[in-house]
Structure formats: C-alpha cells, structure tokens
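What the coordinates show
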Amino acid sequence: MRLLLASLVLSVAPCLAGMSVAQQVADEVQPEGAGAGAVSTSAAVAAALKAKEAGRAVEAQNWMVAAANPLAVEAGAQVLRDGGTAADALVAVQLVLGLVEPQSSGLGGGAFLVWYDADSGELTTLDGRETAPLAATPTLFQDDAGKPLSFFDAVVGGRSVGVPGTPALLAEAHSKWGRAAWDSLFAEAITLAENGFEVSPRLAAMVAQDAIRLFRFEATRDYFFPGGQRIRPGERLKNAAYADTLRRFAQEGAAPFYTGDIAADIVTTVRQAEGNPGVMAAVDLAIYRVKQRDAVCAPYRGFEVCGMGPPSSGALTVGQILRLLAPYDIGEMGPDSAEAWRLIGDASRLAFADRGRYMADSDYVPVPVKGLLDAGYLAERAELLKRDTALPDVEAGEPDFDHARAWGDDASIELPSTSHVSIVDRFGNVASMTTTIENAFGSRLMVRGFLLNNELTDFSFASHEDGRPIANRVEPGKRPRSSMAPTIVMKNGAPVLAVGSPGGSRIIGYVAKTIIAHLDWGLDVQAAIDMPHLVNRFGAFDVEVGTAAMDLLPDLEAMGFEMAPQVLVSGLHAISLGETLQGGADPRREGIALGE
Ligand code: GLY
C-alpha cells in the first residue's frame, strides 16, 4: 500500500524566500510508507523496516517497543535492553520523538498513558491532557458577534495553547514505575539534539506544506527554515535550545516547565503571540496536575478492551462500537464483506452521536460513563443495526444518567496529528501512550526548542446549540475532549494487545478496526494495521484510496452510504502478547517495532 502525502491539504502561498514552495513540495513529497526513509542504519532498524515493508510482524521474547520514528524506537530499545521498564523507555522515546517528529508531539503538548502493572496485575491510566487557562471562557473561539472562528485563525498563535501536560506525565510515570536513573533517559535525545539528527522525509514534507504558518513566528521560522531555506530530508538538523531544555529536565525534573523560567517563557510566548495572543498566566502552569484515573473497559468476545476515559472519548467510543457489534458475527462475515463494514460503519455513527452529545471532561460536566457502556442500553441501540441498508438518520441515545442530559451536540474540529507508542518490558509491564500537540506543528509557537500545542481547539468552538450548553465547551481549567484511544486489551486479567494511533477523531475508527481485525479476523498485528481503512464518524464513509477497500465502495454506496475516498494517514503501533511478543508499525508513517 503506497499512499501519497501530497493529497494532504496544501495551502501554501506561491512564494517563500524567493522560492516557489509549491514547486519545492512537488518534487519532494515522499510516498507515505517510506518508513524506509533514510533515518537510521542500524542492523536492527534495517531488519525492522524490512519486516514492515514485507507486512511481517516483528517477533521478540523479552521486550518490544513500537513508535513513529526509528531514532525514538532505538532510544527506547536501548533502555529496555539495559533492564529499564516500559515507563523508563517511554520517557526516552518521547524525548526523541519531540526532536525528530516535533510536528506531532513533544514537551509542549499532552498525552494519555494506559499502564498495565505486572507487579500488581492492575491497569490504570495517567491523564496528562492540556488544560484551559483560568481566564478562558466559552467564547474563546468566537468572534465579537459570537460566530465561531475559522479553524486556523483559532489554531495559529497563543489562543489555542493549553497548559502542557507531557513533562509532568513523563515525570509521574517514571516516579511510579521507573527503575532507571531519571537523567540516564535523556542521553540519546541530548546527543541527537546537539549533534543533529537526519530530517525524515515526512518532517521535511510537512514543513514545506505548512510553510506559511510556520513562517509567522520568528523562533519557529528560524528552526525549520535555517538561513531562509526549508529543511530537507536527510539533512542534519541540530536543536541546541532543545538540548538545553532536556538538560534542565534531566537535572531538575518537570518543575521548570510549571514554575520556573521555562514556564515564564511559555506564558510570555503565548500572551505575546502576534495577531492571536492567548490568555495563559503563570498560575495556570503552577496549578497543573497529572490525574490518575481508572481505565474504562468494555467487554468484547471474552476480552476486556480497556483505555482512556474522559476527558478522552477514546475508550468510550471504541468500547461502544465494539459492544454494538457484539450481537453480530463479524468474524464469520470476514473483512471482505460489505455487510461487516455496514455494521461497523453504522455502529461507529451511533457511537459518534453519543460522543458528540455526552463526552467531555468529566471533572466539569457529568458524563454518563456507566450508562454509555451499559449492556442493556447498547443491546437496544444494537437492534437499530438489524437491517440491510445504512441507517438514514443517527441520533444520540438516552443512556442511563443521573444528571441533566439536555446537552447540545458538539461542534469541534479535529484534524489528523499526534503519535502513538506501545511498549512491553521484560517484567511484563505494558505501556500504551498516545501523545500530541494536536494539529501538525500545534500552535506554531516555539519555546526553548519545542513547539506549543493548540489542544484547546479540541473544545467545541460553539458553546451552545439551540439554547442548550455543549458538554465540550471551553471552561476555565477544563481539559478539551480528546479522541486519543491508547488501548490495552486484556484476557483473563492479562494483557494481550497494546494499540493506539494518531488521526484526530479518526483515531477511534483506526483503533476499532485494528482490534476487530486482530480479534475477529485473526490477523497478526502487522496485518491488522496494514488492513485498509474504512472509517465512518458522522455519516460519510471514508475509504482509503489506492487500497483494496475501494472494492467495497460500490456495495456500500448501494446500501445508502455517502462514500468519501481519501488518503487516511493513521500511525498505528501495536504489540500483541502471546507465546511471543509481536510488534507492528504503520506503513503509512515512518515508525518501526523493535524487540529482543
Ligand atoms: N488532538 C487529538 C486528540 O486529542 O484527539
């Protein structure tokens, strides 16, 4: 499967620093799937890339790490090889991702971690989601007349920046579950930042595509366009500011990001963003806390599919989709059956309708978590699927709820971005972390070598619908609803699969598909990831162009679905735990799975 990144939105002006950006892009945009991009030459990495190209899962006995860039995977692998835990490796992977894949995640963003602890046999989650400043109000993304801003008017600048959670989450995960010395986890990232790393084809292409927005702020422009020339694939790029930040983080922990001089720089950058300043203040960073929350689990065909509850809609929506499919024999129908995809598509629409009405930060609005996964409620909703054609209309249901439920439907915009990391260590711990700065390159503001997120645009821009408040409206100190769905599937109390993906609100469909392909259709993790995507969120069925999924288009169209063929860039990274560990990395991105 070879997909073209070129079909991602290309909204660049014709001229930049005397060069035609469109021309620069045209001759450089790389085939996706060229995870084979020349970013590393180690034998293990070469073998992992070869396995991915061949559609073969990587096998290992002791430990495994799968993530979006070989350099980050290698950093994590070294920690695991040296006897570190999955939490240790997670730190090393994230620090390198923030350097080599800065457009997707980093220290200026947020993350959700689902953690299986081998010692206690328990599953828990850490919520390192960004938060809205205390001065943010429900009209944050509206103009003076109360009209929602256009997406990029809201995104680019300080207004969209939430208080970053990733530094605090890494520190918390390490203090709870790490064994390696904290500062030892920084060595690889510091070396790469100081000596330079090879710019990947994907990063170079995305910089070219986003040139106009990246050019708006000096620090960002100077980094991605050194000397006025955009960075090129294979070029060595240094980030001295990031190396300094990492040294501080290694020596002082997360404190400087929240109360020190790095925090002060974040506040100044956000508040002084030209043309679109934000309202973040020092107090917002000082009061930031990572929250430990119970995992949300849905039973499915003898497994427990567990993930991140509110403020993420991930586990609830993936769980609803699977539970709605439970009465139907998807396994028998097989992946080539249009009937199977009709069921998956409409189950997703039903789940997305509930997501739009009810799911938000449960610390701010009551979310009917139990009601939304209630067996009786979902059995009743699943009856709606007993038909031969697409549902003509889909509305939110009425789950059991002990609070008012007169919410309006959400109107947030989520575009593909983000990164996912799956890790299993030699002790049997499992980490599934999805990490983000939201849109590619986030707010486009850069501080001390890292980009600041635009996560607040995951809130609904409209605050009310027909006079009813929207659950996911902006409120001071609230966390925007996410679609991130880091997942660990359990069987008889033991983990059998770790999986997750980037992709905006399509994350939910990508993860659900991979779980169905693995559990119902018996595919190994690499084959399950490779399987072409069909994703239905709000009615239109997205079909992955250039793949066998297009063969299903006529039948699904005949069933009444609106079909939307397009490039679908997931970034699934998964590890299955059986007699051996098997790892898979998404051919649509640059990552690999590596294990021993
Ligand atoms: N910004 C991606 C997500 O949280 O779903």
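Residues numbered from 1 in each chain as written. Predicted model: local features only at pLDDT ≥ 70, side-chain atom pairs only at ≥ 80, totals over all residues. Heavy atoms only, no water.

Let's talk about the packing of helix H4 (residues 86–100) against helix H11 (residues 240–252)
Relative orientation of the contacting elements H4 and H11 amounts to 160°, with a least axis distance of 11 Å. Taken together, the axes of H4 and H11 lie roughly antiparallel to each other. As H4 packs across H11, the resulting crossing turns out to be right-handed. Of H11, the residues touching H4 (which contributes Gln-94, Leu-95, Gly-98 and Leu-99) are Tyr-242, Leu-246 and Phe-249. Residues of the contact of H4 with H11, tallied by class, amount to five nonpolar, two polar and no charged. (Axes fitted to C-alpha atoms, helices over the stretch in contact; angles between N-to-C directions. Helix = DSSP H or I, 4+ residues; strand = E, 2+ residues; numbered from the N terminus. Parallel < 35°, antiparallel > 145°, perpendicular 65-115°, else oblique. Left-handed = near helix turned anticlockwise from the far one by under 90°. Contact = heavy atoms within 4.5 Å. Nonpolar A, V, L, I, M, F, W, Y, C, P; charged D, E, K, R; others polar.)

Focus: the sheet that holds strand E9 (residues 291–293)
In spatial order, the strands read E9-E6-E5-E13-E12-E4-E25; together these seven strands make up an open sheet with antiparallel pairing. Taken across any chain shown, the strands that pair with only one partner, and hence form the sheet edges, are E9 and strand E25 (592–595). Each adjacent strand pair in this sheet contributes to an overall mean axis angle of 15°, direction not counted. Alignment of strand E6 (residues 122–128) against E9, held across three bridges, turns out to be antiparallel. Counterpart to Leu-126 in the pairing with E9 is Gln-292. The strands that helix H6 (residues 166–177) touches are strand E5 (110–117), E6, E9 and strand E13 (430–436); relative to E6, the one it contacts most, it runs at about 155°. (Pairing = 2+ DSSP bridges.)

Structural notes on the packing of aromatic side chains
Taken as a whole and assessed by the stated rule, the structure comprises 15 aromatic pairs. Centre to centre, the rings of Trp-182 and Phe-186 are 5.0 Å apart; their planes meet at 70°, and the pair counts as edge-to-face. Here Trp-182 matches Phe-186 in class, with each residue buried. Judged by centre distance (5.6 Å) and plane angle (15°), the rings of Tyr-258 and Tyr-288 are stacked. Taken as a pair, Tyr-258 in helix H12 (residues 255–258) and Tyr-288 in the loop between helix H14 (282–286) and E9 lie far apart in primary sequence, 30 residues in all. Through successive ring pairs, a cluster of aromatic residues spans Trp-182, Phe-186, Phe-249, Phe-257 and Phe-450. Against the face of Phe-152 rests Arg-213, its NZ or CZ located 3.7 Å from the ring centre. (Phe/Tyr/Trp six-rings, centres within 6.5 Å; stacked < 30°, edge-to-face > 60°. Buried < 20%, exposed > 50% of the residue type's maximum accessible area, 1.4 Å probe, protein only. Lys NZ or Arg CZ within 6 Å of the ring centre and 35° of its normal.)

Quick word on the nonpolar core
One finds Leu-95, Leu-113, Phe-197, Phe-224 and Ile-423 to be the most contacted residues of the largest nonpolar core, which totals 106 residues. Tallying contributions element by element places H4 first for this core, with 12 residues. Setting aside residues up to four positions removed in sequence, Leu-113 forms contacts with Leu-90, Thr-124, Thr-125, Leu-126, Leu-169, Ala-173, Trp-177, Ala-431, Ser-432 and Met-433. The next biggest cluster of nonpolar side chains, apart from the first, holds 76 residues, and it includes Ala-315, Ala-390, Val-511 and Met-531. (Core = buried A, V, L, I, M, F, W, Y, C linked by side-chain atoms within 4.5 Å.)

Some remarks on the environment of Pro-226
Residue position: Pro-226 is located in the loop between helix H10 (218–224) and strand E8 (236–237). Along the sequence, Pro-226 and Leu-237 sit 11 residues apart, while their C-alpha atoms lie 9.3 Å from each other. Apart from residues no more than four positions distant in its own chain, Pro-226 is found in contact with Arg-221 and Ile-231.

Quick look at the packing of H4 against helix H7 (residues 187–195)
Between H4 and H7, the shortest axis-to-axis distance is 8 Å and the interhelical angle comes to 15°. As summarised for this structure, H4 and H7 are arranged roughly parallel, according to the angle between their axes. Here H4 and H7 pass one another in a crossing that is right-handed. When H4 is examined against H7, the residues Leu-95, Val-96 and Leu-99 are found in contact with a partner set consisting of Glu-188, Ala-189, Leu-192 and Ala-193.

Things to note about the site of the ligand
Within the structure, the ligand sits among 10 residues, and Arg-129, Glu-455, Asp-458, Ser-482 and Ser-483 are positioned closest to it. Between the ligand and Glu-455 there is a distance of 2.6 Å, counted from a nitrogen atom to a side-chain nitrogen or oxygen. Note that a nitrogen atom of the ligand is positioned 2.8 Å from one of the side-chain N or O atoms of Asp-458. Relative to its unbound accessible area of 200 Å², the ligand is 100% covered by the protein chains. In terms of residue class, the shell around the ligand is made up of one nonpolar, four polar and five charged. (Near = heavy atom within 4 Å. Polar contact = N/O pair within 3.5 Å; in protein donor to acceptor, adjacent residues only side chain to side chain. Areas by Shrake-Rupley, 256 points an atom, 1.4 Å probe, with all protein chains shown as cover.)

As for the confidence of the model for the protein chain
Confidence in the prediction for the protein chain averages 91 pLDDT; 91% of positions are at 70 or higher. Below pLDDT 50 for its whole length, residues 1–40 participates in 98 contacts with residues either more than four positions away or in separate chains. (pLDDT = per-residue confidence, 0-100.)

Concerning unusual backbone geometry
The omega angle of the peptide bond from Pro-310 to Pro-311 is 15°, so this bond is cis rather than trans. Mapped onto the fold, Pro-311 is located in the loop between strand E11 (303–307) and helix H15 (314–325). Of note, the phi angle at Arg-444 is positive, near 70°, even though the residue is not glycine. As for its placement among the helices and strands, Arg-444 is situated in the loop between E13 and strand E14 (446–447). Residue Arg-444 is classed as buried on the basis of its relative accessible area, which comes to 1%. Despite not being glycine, Asn-492 has its phi angle at roughly 50°, a positive value. Of the residues examined, Asn-492 reaches a relative accessible area of 74% and is grouped as exposed.

Comments concerning the pairing of strand E23 (residues 573–577)
E23 sits mainly inside the fold: five of its five residues count as buried. Judged by which residues are buried, E23 turns out to be covered on both faces: His-573, Ile-575 and Leu-577 on one side and Ala-574 and Ser-576 on the other are all buried. As paired strands, strand E19 (residues 494–499) and E23 are joined by two bridges and run antiparallel to one another. Bridge pairing in E23 places Leu-497 opposite Ser-576. Between the end of E23 and the start of strand E24 (residues 581–585), which pair antiparallel, lie three residues.

Description of the side chain of Thr-436
Counting through the fold element by element, Thr-436 comes out in strand E13. There is a polar contact of 2.6 Å between the side chain of Thr-436 and the backbone nitrogen of Glu-438. Non-local contacts of Thr-436, meaning those with residues more than four positions away in its chain, are made with Ser-104, Ser-105, Gly-109, Gly-110, Arg-129, Glu-130, Ser-417, Thr-418, Glu-455 and Met-484.

Things to note about the pairing of E6
The buried fraction of E6 amounts to five of the seven residues, a majority that puts the element mostly inside the structure. Alignment of E5 against E6, held across seven bridges, turns out to be antiparallel. Each bridged residue has a counterpart across the sheet, and for Asp-117 the counterpart in E6 is Glu-122. Hairpin connection, E5 to E6: the antiparallel pair is bridged by four residues, and Gly-121 has positive phi, about 70°.

So, H6
Over its 12 residues, H6 runs 16 Å from end to end, which matches the ideal 16 Å to within 8%, given 1.5 Å per residue. What H6 keeps buried is the set Thr-166, Pro-167, Ala-168, Leu-169, Leu-170, Ala-173, His-174 and Trp-177. Here the buried face of H6 lies against H4, E5, E6, H11, H12 and E13. (Expected span 1.5 Å × (residues − 1).)

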